[in-house]
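Structure assessment
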Amino acid sequence: MSSSTAIATVNSRTDIQPAGAAVNGTEEQYVTFTVGSEEYGVNILAVREIRGWTPESRLPNLPDYVRGVINLRGIIIPIFDLRARFGGGPTQVTKRHVVVVMQVGERTRGILVDAISDILAIGHDAIKPPPDVDSGLVDAEYLSGLYTAENRMVTLLNVEKLFAGEHADQDPGPRTPALEAT
């Protein structure tokens, strides 16, 4: 498999069903992945695609946690380095790293992670509230909850909050129509 080959594509609810987990009003599915020794999860409905790493194109004046942009079938999307976003320094990318392409509001974003772990169906009552203090690499404001599964802790991320301050914190400059594409 080439590094530009999509590992998995989630295009519609029909693609989600084969994962085997029942989705009803009391549980949701999460795609989990690792960054260092930490495991994180995002709601599967936000995930559009999981891709092998492809080199990015750097743009001037981007924040440290934005690696650059990639061309995803004609759509230019920014790639956020989740390790750098959480203050862990820039990721030393290898062919094993993957990009999780997500839809966040009207925008498409990619996050660089170490590896995909699992797809979990998690009941709402199994999600514990985030602690009042910072929990390691992640700033508590980005947490939607914590889930314990098989002797491991999965930190569930609120992607809307994760990307909410991207323009307010450090505006990379005038936006081009390509960066606004969905």
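Thresholds applied
- Residues numbered from 1 in each chain as written.
- Predicted model: local features only at pLDDT ≥ 70, side-chain atom pairs only at ≥ 80, totals over all residues.
- Heavy atoms only, no water.
- Helix = DSSP H or I, 4+ residues; strand = E, 2+ residues; numbered from the N terminus.
- Buried < 20%, exposed > 50% of the residue type's maximum accessible area, 1.4 Å probe, protein only.
- Contact = heavy atoms within 4.5 Å.
- Areas by Shrake-Rupley, 256 points an atom, 1.4 Å probe, with all protein chains shown as cover.
- Pairing = 2+ DSSP bridges.
- Polar contact = N/O pair within 3.5 Å; in protein donor to acceptor, adjacent residues only side chain to side chain.
- Axes fitted to C-alpha atoms, helices over the stretch in contact; angles between N-to-C directions.
- Salt bridge = Lys/Arg side-chain N within 4 Å of Asp/Glu carboxyl O.
- Core = buried A, V, L, I, M, F, W, Y, C linked by side-chain atoms within 4.5 Å.

1. Quick notes on the overall build of the protein
For the protein, the count of helices and strands is four helices and eleven strands. Looking at the protein as a whole, 45% of its 182 residues qualify as buried. Taking as baseline every contact in the protein between residues at least 6 positions apart, the subset at least 24 positions apart corresponds to 58%. Put simply, the protein shows about 9400 Å² of open surface, and 51% of that area lies on carbon and sulfur atoms.

2. Remarks on the pairing of strand β2 (residues 27-35)
Counting buried residues in β2 gives seven out of nine residues, a clear majority hidden from the surface. Pairing between β2 and strand β9 (residues 115-123): eight bridges, direction antiparallel. Pairing of Tyr 30 across the sheet is with Leu 120, part of β9. Where β2 lies against strand β3 (residues 38-43), six bridges are found, and the strand directions are antiparallel.

3. Side note on the environment of Arg 152
Checked against the element boundaries, Arg 152 lands in strand β11 (residues 152-157). Overall, Arg 152 belongs to the partly exposed group, its relative accessible area being 23%. If we skip the residues at most four places from it in the chain, Arg 152 touches Glu 39, Asp 118, Leu 120 and Tyr 147. A polar contact of 3.3 Å, which involves the side chain of Arg 152, links it to the side chain of Asp 118.

4. Details of the sheet that holds β2
An order of β9-β2-β3-β11-β10 is seen for the five strands of this open sheet, with the pairing classed as mixed. Since the sheet does not close on itself, it has two edges, and those belong to β9 and β10 (143-149), each with one partner. Neighbour-to-neighbour, the strand axes of this sheet turn through a mean angle of 30°, independent of strand direction.

5. Considerations on the pattern of salt bridges
Under the counting rule described, the total for this entry stands at eight salt bridges. Residue Asp 118 pairs with Arg 152 through a salt bridge whose shortest N-O separation is 3.3 Å. Residue Asp 118 is located in strand β9, and its partner Arg 152 is located in strand β11; the two are separated by 34 residues in the primary sequence. Exposure remark for Asp 118: the relative accessible area of 30% places this residue in the partly exposed category. Residue Glu 150 is joined to Arg 152 by a salt bridge in which the shortest nitrogen-to-oxygen separation is 3.8 Å.

6. Points about the nonpolar core
In terms of nonpolar packing, the biggest core is built from 29 residues, with Phe 33, Leu 82, Met 102, Ile 111, Val 113, Leu 157 and Phe 163 touching the most fellow members. Elements that contribute at least two residues to this core include exactly β2, β3, β4 (47-52), α2 (82-85), β7 (98-104), β8 (107-113) and α3 (159-164). By residue number, the principal contributor to this core is β7, which donates four residues.

7. Section: unusual backbone geometry
For Asn 61, which is not glycine, the phi torsion reads 65° and is therefore positive. As for its position among the elements, Asn 61 is in the loop between β4 and β5 (66-72). Phi is positive for Asn 151, which is not a glycine, with a value near 65°. With respect to the secondary-structure elements, Asn 151 resides in the loop between β10 and β11.

So, to be careful, I would describe these as geometric facts and stop short of saying anything about function.
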